[in-house]
Amino acid sequence: MATIRQAARLEGQSRLRQLPCYSQHGVTGHGDRVWDLAWQPSGDMLASCSGDESIRIWHHNNGDWACAMSLEGPQKGTIRSVNWSRDGTYLASASFDRTACIWEKTPSGFECFATLEGQNNEVKDVDFSPGGDYIATCSRDKSVWIWERYQDEDEYECAAILEEHKQDVKCVRWHPTREILASCSYDNTINLYREDPDAADWIKYASLTGHTSTVWQLDFDSTGERMVSVSDDGTLKIWRCYEPGNAEGVVTPSSQDPIWKCVCTLDGYHPRTIYSVSVCKRTGLIATGCGDNTLRVFQEKVDSNPHEPSFELVGSQAAHTQDINCVAFAPPSKTGQDGSSVLLASCSDDESVAVWEITLA
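Residues numbered from 1 in each chain as written. Predicted model: local features only at pLDDT ≥ 70, side-chain atom pairs only at ≥ 80, totals over all residues. Heavy atoms only, no water.

Asks: I tried to follow the environment of Lys334 on my own but got confused; where do I start?
Replies: Of note, Lys334 is situated in the loop between strand S28 (324–329) and strand S29 (342–348). Expressed as a C-alpha distance, the spacing of Lys334 and Trp39, which sit 295 residues apart in the sequence, is 9.8 Å. The residues touching Lys334, leaving out its near neighbours within four places in the chain, are Ser42, Gly43, Asp44, His60, Trp65 and Leu343. (Helix = DSSP H or I, 4+ residues; strand = E, 2+ residues; numbered from the N terminus. Contact = heavy atoms within 4.5 Å.)

Asks: Can you walk me through the state of the cysteines in this structure?
Replies: Chemically, a disulfide is nothing more than a covalent bond linking the sulfur atoms of two cysteines. Inspection of every chain in the model, using the stated rule, returns zero disulfides. Cys241 forms no disulfide, and the closest cysteine sulfur to it belongs to Cys262, at a distance of 14 Å. (Disulfide = S-S within 2.5 Å.)

Asks: Quick question: what am I supposed to make of the sheet that holds strand S19 (residues 201–208) here?
Replies: Whenever strands of a sheet pair, they do so through backbone hydrogen bonds, lying parallel or antiparallel. The antiparallel open sheet is built from four strands, whose spatial order is S16-S17-S18-S19. The open sheet is flanked by strand S16 (169–174) and S19, the only strands paired with a single partner. Strand-to-strand twist of the sheet, defined as the mean angle between neighbouring strand axes without regard to direction, takes the value 25 degrees. Note that strand S18 (residues 190–196) and S19 share seven bridges and pair antiparallel. Bridge pairing in S19 places Asn191 opposite Ser207. (Pairing = 2+ DSSP bridges. Axes fitted to C-alpha atoms, helices over the stretch in contact; angles between N-to-C directions.)

Asks: Would you mind showing me how to read the side chain of Asp323 here?
Replies: Turning to its location among the elements, Asp323 is positioned in the loop between strand S27 (311–318) and S28. The side chain of Asp323 is buried and forms no salt bridge, while Arg272, the nearest opposite charge, is found at 4.3 Å. The residues contacting Asp323, other than those within four sequence positions of it, are Arg272, Tyr275, Cys290, Gly291, Asn293, Cys347, Ser348 and Asp349. (Buried < 20%, exposed > 50% of the residue type's maximum accessible area, 1.4 Å probe, protein only. Lys, Arg positive; Asp, Glu negative; His and termini not counted. Salt bridge = Lys/Arg side-chain N within 4 Å of Asp/Glu carboxyl O.)

Asks: Help me understand the pairing of strand S10 (residues 99–106), please; the structure alone is not making it clear to me.
Replies: If a strand is regular, its side chains alternate between the two faces of the sheet. Among the eight residues in S10, six count as buried, and that is most of the element. With five bridges joining them, strand S9 (residues 90–95) and S10 adopt antiparallel strand pairing. Across the sheet, the residue bridging to Ala94 is Ala100, located in S10. In this structure, the hairpin formed by S9 and S10 is closed by a connection of three residues, where Arg98 is found at a positive phi of approximately 80 degrees. In this sheet, strand S11 (residues 109–117) lies alongside S10 in antiparallel orientation, the contact comprising eight bridges. Opposite Lys105, over in S11, you have Phe110 as the bridge partner. The hairpin formed by S10 and S11 contains two residues between the paired strands.

By themselves these figures say nothing about function.
So, in structure tokens, the structure goes:
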């Protein structure tokens, strides 16, 4: 294996180059561990959140990234998660103070116009549905809440409380095109939910087992046919969705609901807990952030069978000096300077945010 350096080729197939991040207009970076990152869908802004109870907004400026704005005040506790609506107009933040806040982007900055309250413990994650009609939150109180926005109003009401996990819920993610929600938990499982029109309620339609310890995070590919999960057990699992009547003849639980099958497990690459995973929606690359301070990039092999896929490690980087809490690929519209490379952001307990440029050979 080649020695890994910034701007060096990794495994002879890719290279990672760190792009500068600096302060602007007197706004400094975070003063505590940085928990999460989220790219605005245009790719021109990156949001980060921290134990310092703030959100930082980073802008792309002449090839570099500048911390231009700090959002703080409404939430009085660690901000654990941030996510954008699909149109980039709204930003949601989840906090250990048991709330989620919804911020609206305005010509002068951001305004917090709604606070979602009700969960009994720390809110760990928040995500917008594809159409923006719903927001999902999850909590240490073992619950997942689905909030529905009143049409044409800046108010939300709780549409469902899902108490299907037995332990702390770490992450919620909506399917990229459908109103299907996934959650993962300290109880080692992944649950999937949909709305049941007959009962006029949300139901769990699948529970995925296979991990042997906490499932920290998950992500979908661009089509929603694959889902990737990472765990304290040191493995990365790839799950594939098989719809009823699929050509492969995979039996589904009903004529309405699909089945998710684990089609690949990557083991032996991570010596410590994998805290974060991100799937590049343009290239299909998979990035992980690990407790050994290293980010890793995997690529599907050219001759891979989509129903039994195989992946190879094409890059790794000692990116931070402490645990990596989040990795996040930029949206497809945002590329590196050469127009073909992809951007990846990472954040850490070391209080820093880094942006990396990945070029494939």
